[in-house]
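# Notes for the structure review
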Amino acid sequence: MQSKVTQLTGGDFPVCELCPDNEVPTSDKLNCLPCLTKTLEGNDTVVCTTCGPQEIQVERHYNGTLRDALSCLTCTVGTVPSSDQTICVPCLLTSHNCSCPAFTHELLDGICVPLSGLANWSDDRNSYIIEFESGDKIDSYFLRKYLKSSVQLCETGNRTACQLVANMCTLVMFRDDYAGSPCKLFQESKHIPTSDSSILPWLYYEEGDAQTVLSRKKITTKYSMDPSSKANRLNLTVIRFTPEGRMKGISAASGSFLQLCPGSWTSLDKGLRFGAWYRRSCTVPAHQLVQMRDTEFLDLYLEYWEGGQSLLYAIPVLVLDLKLRGKSPNKGTDRAQWQLTRRFFLIDKVGGMMFKSNSKVSDTPTVIRYVQSCTLRVKVRGHEGEGQIYPPLLVLKYGEITQEEIETNAEVPFAFSVEYEMENSMSHAIEVSVGVLSALAVIWSGVQTWSSSRRCGRVGIDHVTLGKLFIFACGNLANVFFLVVACASFHTFMFYKGQSVVQVLLPSHRQEQLVRSYAISAFSLKIVEVIHLIWRQSSIDIFFIDWERPRACSSMAQSRSQLTSTVSDNLEQPVSIWRTYFVANEWNEIQTTRKTSLFFQLVLTVFVLKVIGVEHWAVADPEVHTAPPEYMEDSSASPICRFAVGVMTYLIIYLLQRLFMVLVYERYIKNSIQDFVDICSLANISVFILALENYGFYIHGRSAHGFADTDMQTIMRQLQREEEDLCGHRGLLPGTDQQTFQMAIPLQLRSYYQKVMAPINSITLSTKRMSVAGPAALRSKVLSANMDRIIQAYHNMNKFLAAYLEHALKDLDYDVREKTFVESLLDIEFTEIFDKGILYTDTGHSFDNVLFYGNEFTLATFDIFLFFFIEMLFHDFLLAAVITAFFAKMLVIIHRVGGRHNLARKTLIDERFLV
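So, a few notes on the structure that sits alongside this text.

Moving on, we come to the packing of helix 8 (residues 509–537) against helix 20 (residues 877–907). The geometry of helix 8 relative to helix 20 is characterised by a closest axis approach of 9 Å and an angle of 25 degrees between their N-to-C directions. Classified by the interaxial angle, the pair formed by helix 8 and helix 20 is roughly parallel. Taken as a pair, helix 8 and helix 20 cross one another with a handedness that is right-handed. The segment helix 8 lies against helix 20, with V530, I534 and Q537 engaging L891, I894 and H895.

Taken in spatial order, the 6 strands make up an open sheet running 29-32-33-34-36-35, and their pairing is mixed. Pairing within the sheet leaves two strands with one partner each, and these edge strands are strand 29 (541–546) and strand 35 (813–817). Each strand of the sheet is rotated relative to its neighbour by a mean of 25 degrees, with strand direction disregarded. Taken together, the 5 bridges between strand 32 (residues 685–692) and strand 33 (residues 695–699) define a ladder with antiparallel strand orientation. Pairing of F688 across the sheet is with Y698, part of strand 33.

A full pass over the atoms with the stated rule returns 33 aromatic pairs. Between F345 and Y398 the ring centres are 4.7 Å apart and the planes differ by 35 degrees, which places this aromatic pair in the tilted class. Pair noted here: F345 is in strand 22 (residues 343–345) and Y398 is in strand 27 (residues 393–402), with a separation of 53 residues, a long-range link. On the accessibility criterion, F345 (0% relative accessible area) is buried. Aromatic side chains F543 and Y794 sit 5.5 Å apart centroid to centroid with 40 degrees between the ring planes, which places their arrangement in the tilted category. Of this pair, F543 sits in strand 29 while Y794 sits in helix 17 (residues 776–805), and the two are 251 residues apart along the sequence.

Right, let's get into the side chain of S576. On the secondary structure map, S576 appears in the loop between strand 31 (572–573) and helix 11 (578–590). One polar contact links the side chain of S576 to the main-chain amide nitrogen of W578, over a distance of 3.2 Å. Not counting residues within four places of it along the chain, the set of residues in contact with S576 comprises D546 and D709.

Below, the discussion takes up the environment of I673. With respect to the element layout, I673 can be found in helix 14 (residues 672–683). Looking at I673, the relative accessible area reads 2%, which means it is buried. In this structure the C-alpha to C-alpha distance between I673 and G854, which are 181 residues apart in sequence, comes to 9.8 Å. Excluding residues that lie within four positions of it along the chain, I673 makes contacts with I590, H845, F847, L851 and Y853.

Once that is clear, we can look at the environment of F416. Within the element layout of this structure, F416 appears in strand 28 (residues 411–422). Distance in space between the C-alpha atoms of F416 and S281 is 6.2 Å, their sequence separation being 135 residues.

For the rest of this paragraph, the subject is the pairing of strand 32. Buried residues dominate strand 32, accounting for 8 of its 8 residues. Note: strand 29 against strand 32, 6 bridges, orientation antiparallel. Each bridged residue has a counterpart across the sheet, and for F544 the counterpart in strand 32 is V687. Counting the residues between successive antiparallel strands, the hairpin from strand 32 to strand 33 contains 2 residues.

In contact at an axis separation of 10 Å, helix 12 (residues 598–611) and helix 13 (residues 639–669) are set at 135 degrees when each is read in the N-to-C sense. Judged by the inter-axis angle, helix 12 sits oblique to helix 13. Judged by the sense of rotation from one axis to the other, the crossing of helix 12 with helix 13 is right-handed. On helix 13, the residues that touch L598, F600, Q601, L602, L604, T605, V608 and L609 of helix 12 are V645, T649, Y650, I653, Y654 and Q657. Of the residues in the contact of helix 12 with helix 13, the class split is 10 nonpolar, 4 polar and no charged.

With that settled, consider the state of the cysteines. Considering all chains together, one arrives at 6 disulfides under this definition. The residue that forms a disulfide with C261 is C282, at a sulfur-sulfur distance of 1.9 Å. Here the S-S torsion is close to -105 degrees, and the disulfide linking C261 with C282 is therefore left-handed. Of this pair, C261 sits in the loop between strand 16 (247–252) and strand 17 (272–273) while C282 sits in strand 18 (residues 278–285), and the two are 21 residues apart along the sequence. Look at C261 and you get buried, because its relative accessible area is 4%.

To continue, consider a nonpolar patch on the surface. The grouping of I652, L656, L659, F660, V662, L663, V664, Y668 and I669 at the surface amounts to a nonpolar patch, some 890 Å² of accessible area in total. Inspection of the secondary structure puts Y668 in helix 13.

So, on to the side chain of Q388. Take Q388: it is sitting in the loop between strand 26 (367–380) and strand 27. Given the relative accessible area of 12%, Q388 is considered buried. At a separation of 3.2 Å, a polar atom in the side chain of Q388 contacts the main-chain carbonyl oxygen of T220. At 2.3 Å, the side chain of Q388 and the side chain of R381 are in polar contact. In this view, Q388 contacts I219, T220, T221, K222, V380 and R381; residues no more than four positions away in its chain are not counted.

Conventions adopted
Residues numbered from 1 in each chain as written. Predicted model: local features only at pLDDT ≥ 70, side-chain atom pairs only at ≥ 80, totals over all residues. Heavy atoms only, no water. Axes fitted to C-alpha atoms, helices over the stretch in contact; angles between N-to-C directions. Helix = DSSP H or I, 4+ residues; strand = E, 2+ residues; numbered from the N terminus. Parallel < 35°, antiparallel > 145°, perpendicular 65-115°, else oblique. Left-handed = near helix turned anticlockwise from the far one by under 90°. Contact = heavy atoms within 4.5 Å. Pairing = 2+ DSSP bridges. Phe/Tyr/Trp six-rings, centres within 6.5 Å; stacked < 30°, edge-to-face > 60°. Buried < 20%, exposed > 50% of the residue type's maximum accessible area, 1.4 Å probe, protein only. Polar contact = N/O pair within 3.5 Å; in protein donor to acceptor, adjacent residues only side chain to side chain. Nonpolar A, V, L, I, M, F, W, Y, C, P; charged D, E, K, R; others polar. Disulfide = S-S within 2.5 Å. Patch = residues over 30% accessible without salt bridge, like charges linked within 9 Å, V, L, I, M, F, W, Y side chains within 5 Å. Areas by Shrake-Rupley, 256 points an atom, 1.4 Å probe, with all protein chains shown as cover. Salt bridge = Lys/Arg side-chain N within 4 Å of Asp/Glu carboxyl O.

Rendered as structure tokens:
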């Protein structure tokens, strides 16, 4: 006890030396000092005396040098010696022998404070009011208890008191627009501190300095997205303070620490996975929220390594509820107006405790403020940074619950997210690509419109031409929009999941919204194209040309009544109509035949995405998972990645299905289009189709045997002769098998066609009017009266078209030729048609342009646009598949009803025979 340390040996005990008589060791045990002495009564013994109860021991001068002797110093009024009698501390009410003169001091919360230090401090009621976002104003017991005394102690150098004042400034949301605000103490320190000499804690950044702060390049760690790298996580550290200002500890601020949602996230405790967008939202019962955590005030840091040394970088906080001179600058997007701060809390259960009269306090807080939304934004530097980041930003939005909500145990919403940002040209690339391709799409729409106008016989530009241009442009622009955003999403997904050095990160919310907008616009425009497609296919002009000729009656037994019939009746058999009905029914069936099965497409797509788990590839994590990692289980997937994964899966399955249909099914099992052409030849029926005024398709179904209305044995013999090449060919031209053609017909043929059909159209219109208002008996009478006209029109049309195709008309004829390469490429006929039509040879199925089969691209794109439109709205692939299947079925039903009615009206076939 009376020795000083002379040497530190490195072991458990140092080398000591006894101090001389009349000297005592200093408090650090390194020196000896003479002490105040006195002689004991009755002998000559001299001993050291101790300082009095109101004195402290002074060993050194102000500059740190030792005094010549130990001396005692009396503490001033309002202060008392500390327990080791080395310093004077403020006089506490609980201290022994503590006096607080009423004339010169004031006792605040057990602390004796000089009145001179309180002269400039406002003491009105507003100094203790906490104004909440809801408009409630609470006279806070916490502020009344600690504010005045803490400000005074802080000004006298008490660091704990300064921390307490900083906590109170945080409680009032950094408001400094009233005289008694605790934030007034920090008005002169709104800047990044240059040293640790100031006793005031760092609470504010300088006003208008947000852009500079968030653009600093002092974090030198190069983060990686490689799962095996040690630099693939963000490690956060937090310094925790009690409401009274005492430091509670330093700990890791993992993702589970920063959120109020219940649960266990052990993976987050290892640090936040770099590049992973974490999103977590939940609702917590009010009782659980109140009991979940104690009130703590936090300073957040990022731990990084530089030269093998661990360093901490202060993370700025953007409190959206912050008030600055009565305004809320942090709610805007202008960084120049932001006021960044340092300290925050997750839940406040002390500020809302209401002060009552007689220095009483309410038992429970009237209002509890909590972090409703917590977002950590990390901006990654560009390519020159190679994985380095700018200072992260913590964005906080506070919510409030009242005592009434606590009593009713209301559900309290909370959201926590980690977002990454990187300057990229995705938006610019999308806009440029859309602009260039849209211009090309409009040009191509103009070419299509010009081709359509030529085929319709229009020369000038009228409202119909402009309408066609609009419809073609809608379809082409829809394809452009979807193609661009799909490629952009796929590019982002592939690079984000496959990179180790950071080159591409997930796009921002604004860029996600841009992709979403273009995808929705694509679907909206595609609807216009599909409606036009169904209307066009349901209004085509079509006629079945029967090549069968009446044949002489066979030697059958005839009755006496038959012998008295006319000579013509005895010599010819009537031509059967059943072959025409049979072909008409086959046409009616193939109108909605597709090149792929939508049911198979949707089922397999949902199976791959949902059952196999490919949809989890879209998790906003740099790695590919078939099941979400623990820390991402409750986090929503990235919309861009989800869109990319969905499109990729859908298209791969569709392409595989198309390959199977082309290479296997249609070649070896069944080809509905080619089968229809064969049926036409078997039935001796040709199909004449006018898709536009002067343009259409022709299927030559004239039998190579001259007749088809016969028995089965004869038909089988005919087919065998064809196989053995013992008869003529089926083609329109002798010695060819070309049966399908595109037609450009002269105006005279179209005029005659309309002339023949005009009476039939008038009969149809009158029947429609009577079906609305007239009785059934009257409608039947009208139809019976006009039956002869319908039959006569059928025979006239059949003879006329047969004569035209046989080159039997003097003023109407046609040539057969092939399209040039440019005509085939652009789908345009450059030859002017006057009095002679042209039949262009095709690939064997150009007539499917008036069927669903020949418009597979339009229908398939409509399906995929609808599928992802629903998915973007509801974020559910299964629901998207169900709704897509439903609307596809509705299109089929609408087309069948309209096509069936049009077929009966244009071919003059009774609709009752279309089954």
